Amino acid sequence: MSSKLIFLLLLTTLCKAGTPDRDDGYRLWLKYDLIKDATKRAAYARSTQLIVLNSTSPIQKTAAEELQTGLQGLLGKTVPIVASAGGKTGGITLTTNAAASLNSEGYQLSNQQNTITITGKTDAGVLYGAFALLRQFQTLQPIDRLSLTSNPKIQHRMLNHWDNTDGSIERGYAGQSLWKWYELPERIDPRYRDYARANASIGINGTVVNNVNASSRFLTAEYLQKVAALANVFRSYGIKVYLSVYFPAPKTIGGLKTADPLDPEVNKWWADKVNEIYKFIPDFGGFLVKANSEGQPGPQDYGRNHADGANMLAKALAPHKGIVIWRAFVYKADGKADRFKAAYDEFNPLDGQFAKNVIVQVKNGPIDFQPREPFSPIFGTMPKTPLGMEFQITQEYLGFATHLVYEAPIFKECLDADTYVSGKGSTVAKVVDGSLHQYPLTAIAGVANTGSDRNWTGHPLAQANWYAFGRLAWDHTLSSEAIANEWVKMTLTTELSSAKTITDLLLKSREIYVNYNTPLGLSRPWTGVHFAPEPWQNRSSRPDWTAVYYHRADSLGIGFERTAKGSNALAQYRPEVQQQWNNPATCPLPYLLWFHHVLWTQKLSTGRTLWDELCTRFYTGADSVGWLQKQWASVRKDVDSETFANVAGRLETQQKEAIWWRDAWVLYLQEFARQPIPAPFKKPERSLKEVKELVDIYQLR
Ligand code: GCV
């Protein structure tokens, strides 16, 4: 073989890595593989002959370059970026128009006589418009009559990274942190830019780079330089950087004796620190704070309240237009109390007491990112305090990176829930987007699922959760299905029938998980690692960190009584909401055991007793993973081989573990219910003791 031939063969092999044949997932939904249909390509080519960029703005420059990269891949041609069309039609013009009837980051796309215009009120709007245009091509939409206007409904659309200085990620399942603190600020990993590209493409405009269980080191000059280096990369993608802060930092790194928010010296320390931060990062976004929560110190240690703490930081940030995002995730170690009620009880009385640049960030549900939770009763009940939403994208309670759970339905369920605070239709989404109470500030955050794994998210299909979070943060009226289908076409295949199959599989995945994991409103059957089933777990340093605290199974029945007969947590909701959930006979089954302790023998609306219904769900849930596997097998021909094998392997693990979950629950609950497994289901092949032994392996450190 000639050396030239060997070279060519080698080149072909090298070029194959990252192509549709063997895709390592790095490119996410920004793959831009050549559109196979030549007619479509030709149609798109007519309006994409030039990219006209008549601006020196770094963000618009990014927009033009992203368009160029995308079109190069999708159409297989290099589209020149020029300063003026010079009278030619058939190009894409980027432009800002301060008078456009758009909000500050919205965009308009139009196509007239094969000339496309992307208009933004601001440079960021142009960037989002450029990605929206690429999405049109990627999902093979007709563009000859393109006319699209889109405005983000929420101002601050953020990722929260729970990343630590040592590179670990709290509740991260896709490798180590993306941020290589030990290399920064000198070496800039090219991945930082790709991270920014992915986020900007779905409208995310803020990132909190460190864990809410924060280290004070992030506020030292050494680390601020590192954070500034990240901010420098993200800036031209319209993304601001924020930091989580450790409330007692004035003591730990400032040498003060106190961190009391009303102490003048403490106030001065924070004001000076904030001034220093803005010297490093002139467009710094602000602080995220976890205080007096799960052992984290906070203002209550000094007899002050959350508003005192938040307002002190807000005062320091205000001159720079920075904001404070103060988390409402709090609960005291009181085994007799209902943890469900804790956040509302602490925050509701503070409505109206927070400074203008404070947002209170509330988790979607009252407990902690369970597979299904009712919406947090705080939403709607603090009209004078901007409330931001906190969702969790990383799958802490959703099977880590081995179980498939498409999360858009979880996000939507909460956003679409009706609080009834101003009558019917007062959805959580309208609280969060500010339209219900005219909040001057609005925010939504997702706890990131990204990590150093080559494909970013571990499970290849978990990329859809990052994507869905961003799309819903931009526009919460989009449907889970539309987002899934869009993501599938951009990421996996544009073949219609396979795209439909995968979309369907994504949409059903959450309910399948709930069925074998926490059906009928069960919650939190875990302890330490939040993965292995441990419904029997009854010992911990605090009662609300045991599993039995949540399900309350006994010889009569199961479920947490939260009506007036029990903790009365239901009283935190409006009467219309209470009415939906108050009566066990009419309470929708997905929420039943959230609010009621129900007898094992109680007949449900399905015609089955509670025990039989629980068994039916555990069994059908576990069986449905087999259905997921079959569906996935059927798309093999249209999905690249590496992604196919990766997902297939994870589904196999999921199948094994779903059966394990089922067995753990039914064998454990059977000891209380003392009833047989109903036909046609077969009793588990293993004993409860054997399941417990399996779980113990997971708890070994
Ligand atoms: C960052 C849960 C998680 C913790 C997390 C906490 C929070 O308790 O298990 O890892 O801490 O929520 O949201 O603050």
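The rules behind each value
Counting from 1, residues in each chain are numbered in the order their sequence is written. Local features in this predicted model are restricted to residues of pLDDT 70 or higher, and side-chain atom pairs are both shown and tallied only at a pLDDT of 80 or more, whereas totals for entire chains, interfaces and linings draw on every residue. With hydrogens and water set aside, each side-chain value is computed from the structure's full complement of heavy atoms. UniProt positions are given in the numbering used here, feature names are shortened, and annotations may be inferred rather than shown by experiment. Nonpolar side chains (Val, Leu, Ile, Met, Phe, Trp, Tyr) within 5 Å and like charges within 9 Å form the patches, drawn only from residues with over 30% relative accessible area and no salt bridge. Accessible surface area values rest on a Shrake-Rupley calculation with a 1.4 Å probe, where residue burial reflects the displayed protein chains alone. Each salt bridge in this description consists of a side-chain nitrogen of Lys or Arg and a carboxyl oxygen of Asp or Glu lying within 4 Å of one another. Starting at the N terminus, helices and strands are each numbered in turn, a helix being any DSSP run of H or I of at least four residues and a strand any DSSP run of E of at least two. Using a 1.4 Å probe on the protein chains alone, a residue whose accessible area is under 20% of its type maximum counts as buried, one over 50% counts as exposed, and one in between counts as partly exposed. Strands are labelled as partners when DSSP assigns at least two bridges between them. Here an axis means a line fitted to C-alpha atoms, over the contact stretch when the element is a helix, while the angle between two N-to-C directions is reported on a 0 to 180 degree scale. The contact rule is simple, with two residues in contact once any of their heavy atoms fall within 4.5 Å. One heavy atom within 4 Å of a molecule or strand is enough for the residue carrying it to be called near that molecule or strand. Between N or O atoms, a polar contact is any pair within 3.5 Å; within protein, one atom must be a potential hydrogen donor and the other a potential acceptor, and residues adjacent in sequence are included only when both atoms are from side chains. Gly counts as polar in this scheme, as do all residues outside two lists: the nonpolar Ala, Val, Leu, Ile, Met, Phe, Trp, Tyr, Cys and Pro, and the charged Asp, Glu, Lys and Arg. Note that domain bounds follow an automatic or database assignment of domains. In short, buried area is how much 1.4 Å probe accessible area vanishes from two parts on joining, totalled over both. Working definition: rings of Phe, Tyr and Trp (its six-membered ring) pair if their centres are within 6.5 Å, and the pair is stacked with planes under 30 degrees apart, edge-to-face with planes over 60 apart, and tilted otherwise. Geometrically, a charge over a ring is one whose NZ (Lys) or CZ (Arg) sits within 6 Å of the ring centre while staying within 35 degrees of the ring normal. The method works on a 1 Å grid over the protein atoms by themselves. A cavity is a set of points holding a 1.4 Å probe that cannot get out, a pocket is an open set with protein on both sides within 12 Å along at least five of seven lines, and residues with an atom within 4 Å of a point line them. Grid points are joined across faces, edges and corners, and a volume is the space filled by probe spheres set on the points.

The protein carries the name Xylan alpha-1,2-glucuronidase in an unreviewed UniProt entry, which gives Larkinella terrae as its organism. In UniProt, the protein has this text filed under Subunit (unreviewed entry): "Homodimer." Regarding the protein, the UniProt comment filed under Sequence similarities (unreviewed entry) reads as follows: "Belongs to the glycosyl hydrolase 67 family."

**Details of a nonpolar patch on the surface**
A contiguous nonpolar patch, built from Leu694, Ile697 and Tyr698 and spanning about 260 Å² of accessible area, is present on the exposed surface. Checked against the element boundaries, Ile697 lands in helix α21 (residues 688–699). Ile697 sits in the exposed class, given a relative accessible area of 54%.

**Remarks on the sheet that holds strand β11 (residues 323–327)**
If you trace the eight strands once around the closed barrel, you get β7-β8-β9-β10-β11-β12-β13-β14, paired in parallel fashion. Strand-to-strand twist in this sheet, taken as the mean axis angle between neighbours without regard to direction, amounts to 25°. Sheet analysis places strand β8 (residues 206–208) next to strand β9 (residues 240–245), joined by three bridges and oriented parallel. In the sheet register, Gly206 faces β9, and the bridge partner there is Lys240. Each of β7 (156–160), β13 (387–392) and β14 (443–447) is contacted by helix α13 (residues 463–474), which is oriented at about 155° to β7, the strand it contacts most.

**Some points on unusual backbone geometry**
Put simply, Leu184 and Pro185 share a cis peptide bond, and its omega is 0°. Residue Pro680 is bonded to the preceding Ala679 through a cis peptide linkage, with omega at 5°. For Pro680, the position within the fold is in the loop between α20 (641–673) and α21. You will see that Lys321, though not glycine, has its phi angle at about 65°, which is positive.

**As for the site of the ligand**
Around the ligand, the structure places 15 residues, and the nearest of them are Glu170, Lys290, Arg327, Lys363 and Glu396. Arg171 places a side-chain nitrogen or oxygen 2.8 Å from an oxygen atom of the ligand. At 2.5 Å from an oxygen atom of the ligand is found a side-chain nitrogen or oxygen belonging to Glu396. A per-class count over the shell around the ligand returns four nonpolar, three polar and eight charged.

**Considering the UniProt feature "domain: Alpha glucuronidase N-terminal" (unreviewed entry) in the protein**
Following the UniProt record, the feature "domain: Alpha glucuronidase N-terminal" (unreviewed entry) maps to residues 28–133 here. The distance from the first to the last C-alpha atom of residues 28–133 is 17 Å, and the span holds 35% helix and 21% strand.

**Quick look at the domain arrangement of the protein**
Domain parsing of the protein yields domain 1 (25–150), domain 2 (156–491) and domain 3 (514–560 + 597–699). Taking only C-alpha atoms into account, the centre of domain 1 sits 31 Å from that of domain 2. The partner domain 2 presents 29 residues to the 21 residues of domain 1 that form the contact. Together domain 1 and domain 2 conceal approximately 2,400 Å² of surface at their shared face, both sides included; 58% is due to carbon and sulfur atoms. Considering only the side of domain 1, the residues that lose the most area to domain 2 are Tyr26, Trp29 and Arg135, jointly responsible for 36% of the buried surface there. Linking domain 1 with domain 2 are three salt bridges. With its nearest N and O atoms 3.0 Å apart, the salt bridge here joins Arg157 to Glu105. Across the contact surface, domain 1 and domain 2 share 12 residue pairs in polar contact (both at pLDDT 80 or more). Looking at the side of domain 1 that touches domain 2, the elements that each hand over two or more residues are α3 (58–75) and α4 (123–138).

**Details of the packing of aromatic side chains**
This model, assessed by the stated rule, comprises 43 aromatic pairs. Residues Phe340 and Tyr573 carry aromatic rings whose centres are separated by 6.3 Å and whose planes lie at 70° to one another, so their mutual orientation is edge-to-face. Taken as a pair, Phe340 in helix α10 (residues 339–347) and Tyr573 in the loop between β15 (557–558) and α17 (575–582) lie far apart in primary sequence, 233 residues in all. Each member of the pair Phe340 and Tyr573 is classed as buried. Taking the centre distance of 5.1 Å and the plane angle of 80° together, the rings of Phe375 and Tyr573 count as edge-to-face. In this pair, Phe375 is assigned in the loop between β12 (358–363) and β13 and Tyr573 in the loop between β15 and α17, connecting sequence segments 198 residues apart. A relative accessible area of 6% places Phe375 in the buried class. Among the aromatic residues, those joined into a cluster by ring pairs are Tyr26, Trp29, Trp179, Tyr192, Tyr195, Phe234, Trp456, Trp466 and Tyr467. Positioned above the aromatic ring of Tyr331 is the side chain of Arg339, whose terminal nitrogen or guanidinium carbon lies 3.6 Å from the ring centre. Stacked on the ring of Tyr26, the Lys or Arg Arg454 has its end atom at 4.1 Å from the ring centre.

**Regarding the pairing of β12**
The buried count for β12 comes to six of six residues, which makes it a mostly enclosed element. Of the two faces of β12, the one lined by Val358, Val360 and Val362 and the one lined by Ile359, Gln361 and Lys363 are each fully buried. For β11 and β12, the ladder comprises four bridges, and the chain directions are parallel. If you follow Trp326 over to β12, its bridge partner there is Val360. Bridge analysis of β12 against β13 gives four bridges, and the strand direction is parallel.

**Describing empty space enclosed by the protein**
Taken as a whole and judged by the stated rule, the model has eight cavities of 30 Å³ or more. In terms of lining residues, the largest cavity is bounded by 16 residues, among which Ala328, Phe329, Ala343, Gly365 and Pro366 are the most central. Of all the elements, α10 adds the most residues to the lining of the largest cavity, at four residues. Residue composition of the lining of the largest cavity, grouped by class: 12 nonpolar, two polar and two charged. Its volume calculated, the second largest cavity comes out at about 90 Å³. What lines the second largest cavity is Asn364, Phe369, Gln370, Phe391, Gln392, Thr394, Leu398, Glu407, Ile410 and Phe411. Contributions of two or more residues to the lining of the second largest cavity are made by β13 and α11 (408–415). Classifying every residue of the lining of the second largest cavity by side-chain character gives five nonpolar, four polar and one charged.

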